[in-house]
Amino acid sequence: PDTGKTPPTEDDHANAERLAEGLAKIDGVSVTGQNTNMVFTRLDGTVDPQPVREALAANDMLVAINGQASRMVTHLDVSAPDIDAVCTVIAGALG
């Protein structure tokens, strides 16, 4: 049956891998999992998540952050440059 949702594509999976690799390079961020088009992270306990939320929101980037944990999902409207931009914004917020 048609659920109205577009299933993840190979590009989504590749972008999720790119995102996981980029986030893993940022001090204060630990990648806790990557499954298909989803990346799960945790900010180190000493990191205040509020500046990260604010920086992402200021750049119109939607990321679910709950406490120190986050879930990021790639989809057909997310490109490799978008992935790099998210990593740059998060690194800047933590830098």
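See the structure printed just above.
Notes on the structure in this doc start here. Along each chain, residues carry numbers from 1 onward, in the same order as the chain's sequence is written. pLDDT decides what is reported in this predicted model: residues at 70 or higher carry local features, side-chain atom pairs at 80 or more are listed and counted, and totals for whole chains, interfaces and linings draw on all residues regardless. The basis for every side-chain value is the complete set of non-hydrogen atoms in the structure, without hydrogens or water.

What about the sheet that holds strand E3 (residues 64-66)?
Filter applied, for reference: DSSP calls a pair of strands paired once it identifies at least 2 bridges connecting them. Comment: elements are numbered from the N terminus, with helices defined as DSSP H or I runs of at least four residues and strands as E runs of at least two. In this description, a line fitted to the C-alpha atoms serves as the axis of each element, helices being fitted only across the stretch in contact, and the angle between N-to-C directions of two axes falls anywhere from 0 to 180 degrees. Residue contacts are defined here by distance: any two heavy atoms, one from each residue, within 4.5 Å place the two residues in contact.
Spatially, the four strands line up as an open sheet ordered E1-E2-E4-E3, and their pairing is antiparallel. A strand with exactly one partner marks an edge of an open sheet, and here the two such strands are strand E1 (29-35) and E3. Pairs of neighbouring strands in the sheet enclose a mean axial angle of 20°, with direction left out of account. Sheet contacts for helix H2 (residues 49-58): strand E2 (38-43) and E3; angle to E3, the most-contacted strand, approximately 165°.

Considerations on the side chain of Asn-37
Defined as follows: To sort residues, take the accessible area from a 1.4 Å probe on protein chains only and compare it with the maximum for the residue type: under 20% means buried, over 50% means exposed, and anything in between is partly exposed. Under this definition, polar contacts are N or O atom pairs within 3.5 Å; protein pairs additionally need one hydrogen-donor-capable and one acceptor-capable atom, and for neighbouring residues in sequence, both atoms have to be side-chain atoms.
Residue position: Asn-37 is located in the loop between E1 and E2. Judged by relative accessible area, which is 10%, Asn-37 ranks as buried. Here the side chain of Asn-37 touches Thr-36 through a polar contact of 3.3 Å, side chain to side chain.

Regarding the nonpolar core
The cut-off we apply is this: The definition of a nonpolar core used throughout is a set of buried Ala, Val, Leu, Ile, Met, Phe, Trp, Tyr and Cys residues joined through side-chain atoms within 4.5 Å.
By size, the foremost hydrophobic cluster in this structure holds 21 residues, and its most contacted members are Leu-19, Leu-23, Leu-56, Met-72, Val-86 and Ile-90. When residues of this core are traced back to their parent elements, those giving at least two are helix H1 (10-24), E2, H2 and helix H3 (80-94). By residue number, the principal contributor to this core is H3, which donates five residues. Residues within four places of Leu-19 in sequence aside, it is in contact with Val-39, Met-72, Ile-83, Val-86 and Cys-87.

Function-wise, these values are silent; they only describe arrangement.
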